[in-house]
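Fold and geometry: a report
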Amino acid sequence: MLRGGVGGKRAAKAAGIARVLKANGEHAGMAMVVDSRHVLTCAHVVNVALGEPADAQNPPASNAVVQVGFPMLPASEPFPGRVIKWRAAGETPLDDIAVIRLDKDAPPEAGQALLADISGKSLDGDRLSVFGIAPGRSIGNHVDAQFMGQNTDAWIQIEGSRNAGAFVEGGYSGGAVWDNEHEAVVGMIVRRFKSDVERVAYMIPVADLQAFWPPLPFERRPLSPSFMRGWTILSAAFFLLLFAHFQAERGTEIFEPITMGGKNRLLNAFWGMHLFAFMAPIVFYMFLVFSRSRRLHPWAARVPSFGSLSAIPISSTLRRTAALTLTAFVLLPLAAQVHFIQKFESEGAVYIYPDTFGYTPSELSGCSAIKNVPLCLHSSAGRMQLVTPKGDRKGGYFDNAYHYGNHGAENGGSVTFFPILQPLVIYGLSALSLVLAGMLLFSVFSASRAGVP
């Protein structure tokens, strides 16, 4: 089955197109298939189909049958359905909407409309397309329009994008408004402005359609125009920095000049551990938000495209590129962090400045001079342990009193370290990253709506 044209046989903007018919088979208005059993249209279209005035305020009888046709399937017979939710025509939010439940599943070949609530100013000026059938005609038209913005608290204004050619007219009400940039339905036509000069129509946005009928399947897309640039730049830096520190820790000299540990392999692992801890939650969260914004798509399309600087969020187009993105920015970094933490736990030592704690170098072992100041080992100095000062000394903590490193090794050295606090922060952020990774993998690979490949 086609879902919004992703991986299906029919063009995306033609998926889910339906129309509501009068008892005699005449056209009453447009509709859209939103799942296998439900169709969304305008309340006034239902009124016309049932032989009532368009502005009738009384809801249809519970046993009233509404016929739904599928104009993209000329051989298809109309399907009967019943109105399960309805609100009369008006100009306040959530007015003029109806939900029809079909007596049997809609034809799979008709597809299902992919609706998206796209927030912010991401729609301003977007190119739109609306399919409709005028009364008395059997063949409909796709008409071009442009997103103009909110004009009341209930409707959004769209305008014809050309001075000539067809535009929204009678019979288009209930039709899906397709956004060419975002490749999704962003609203439903509710009314046109009756004028021979101005080419203006109004739509109900997807957010209001979902508020009217909460079971409505839709995608919430909160991503800003800067998302793709931010994702590409940050994920590239994340991968390259981790890769450089991992390779330098493994002894690949070419990466040493760009790492924080230089020639010290242990410190490259130490700094790699920190880079992951502070960058992974951001990268994984961005990945998760994108994945959730494409929840009705096949799994590969829930992976953000790497390398794009577009103002429109773009999905991976192939399964192999999606798998490569997941591997490079999620799985390999997780494996690298496991290695870095194991290195931190099993190698190196915690040093102190003896004088800070009331000791002399002769009382301690493993001393090395750092700028003529001795740095020594102490039996109580550890990753999760503090040294008790001797005599009347207060010791130190935030004043560079502790170091972590390997002074006895070739190309050894050390860096300032904060026992207990620093490991807890690193472990906590790493655990958060692991949770986010699990959430994004679940989001990517969880089943989309029935019928989506």
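Use the structure listed above.
The sections below set out a description of the structure shown in this document.

Here is what the cut-offs are and how they apply
Residues numbered from 1 in each chain as written. Predicted model: local features only at pLDDT ≥ 70, side-chain atom pairs only at ≥ 80, totals over all residues. Heavy atoms only, no water. Helix = DSSP H or I, 4+ residues; strand = E, 2+ residues; numbered from the N terminus. Rg over C-alpha atoms; globule rule 2.2 N^0.38 Å. Buried < 20%, exposed > 50% of the residue type's maximum accessible area, 1.4 Å probe, protein only. Areas by Shrake-Rupley, 256 points an atom, 1.4 Å probe, with all protein chains shown as cover. Lys, Arg positive; Asp, Glu negative; His and termini not counted. Charge placed at Lys NZ, Arg CZ, Asp CG, Glu CD. 1 Å grid on protein atoms, 1.4 Å probe; cavity = no way out; pocket = protein on both sides within 12 Å on 5 of 7 lines; lining within 4 Å. Points joined across faces, edges and corners; volume = space filled by probe spheres on them. Nonpolar A, V, L, I, M, F, W, Y, C, P; charged D, E, K, R; others polar. Pairing = 2+ DSSP bridges. Axes fitted to C-alpha atoms, helices over the stretch in contact; angles between N-to-C directions. Salt bridge = Lys/Arg side-chain N within 4 Å of Asp/Glu carboxyl O. Patch = residues over 30% accessible without salt bridge, like charges linked within 9 Å, V, L, I, M, F, W, Y side chains within 5 Å.

1. Some details on the overall build of the chain
The number of helices and strands found in the chain is six helices and 19 strands. Compactness check: the chain gives a C-alpha radius of gyration of 31 Å against a globular reference of 22 Å for 453 residues, more than 25% above the reference. Its C-alpha atoms give the chain principal-axis dimensions of roughly 105 × 45 × 45 Å. In the chain, which comprises 453 residues, the proportion classed as buried is 52%. Surface exposure of the chain reaches about 20400 Å², of which carbon and sulfur atoms provide 56%. Positive and negative charge centroids in the chain, built from 39 and 35 side chains respectively, lie 4 Å apart.

2. Quick notes on the layout of surface pockets
By volume, the second largest pocket is sized at about 380 Å³. Broken down by secondary-structure element, the contributors of at least two residues to the lining of the second largest pocket are β2 (27-33), α1 (43-49) and β12 (184-192). Per element, the largest residue contribution to the lining of the second largest pocket is four residues, and it comes from β12. A per-class count over the lining of the second largest pocket returns ten nonpolar, five polar and six charged.

3. Remarks on the sheet that holds strand β6 (residues 97-102)
Spatially, β1-β2-β3-β6-β5-β4 is the arrangement adopted by the six strands of the closed barrel, whose pairing is antiparallel. On average, adjacent strands in this sheet sit at an angle of 40° to one another, irrespective of strand direction. Of the pairings in the sheet, the one linking β2 to strand β3 (residues 38-41) comprises two bridges and is antiparallel in character. In the strand pairing of β3, M32 is matched with L40.

4. Section: the pattern of salt bridges
Under the definition given, this model contains 13 salt bridges. The salt bridge partner of R37 is D105, with a shortest N-O separation of 2.8 Å. Placement of the pair is R37 in the loop between β2 and β3 and D105 in the loop between β6 and β7 (116-118), with a sequence separation of 68 residues. Of the residues examined, R37 reaches a relative accessible area of 23% and is grouped as partly exposed. The partly exposed category is assigned to D105, whose relative accessible area is 43%.

5. A short note on empty space enclosed by the protein
Within the structure shown, the criterion is met by two cavities of 30 Å³ or more. Taken together, 13 residues form the lining of the largest cavity, with K13, I17, V130, F131 and A176 sitting closest to its centre. If you list the elements that add at least two residues to the lining of the largest cavity, you get β2, β8 (127-132) and β11 (176-179). Partitioning the lining of the largest cavity into residue classes produces eight nonpolar, four polar and one charged.

6. Some thoughts on a nonpolar patch on the surface
A cluster of nonpolar side chains, namely F278, F398, L421 and V425, defines an oily patch on the protein surface of about 400 Å² accessible area. Assignment of secondary structure puts F278 in helix α4 (residues 265-293). The exposure class of F278 is partly exposed, given its relative accessible area of 47%.

7. Quick word on unusual backbone geometry
Residue N411 is not a glycine yet carries a positive backbone phi of 55°. Along the polypeptide, N411 turns up in the loop between β18 (402-405) and β19 (414-416). N411 sits in the partly exposed class, given a relative accessible area of 42%. If you check the backbone angles, I420 has positive phi at about 70° while not being a glycine. Mapped onto the fold, I420 is located in the loop between β19 and α6 (421-445).

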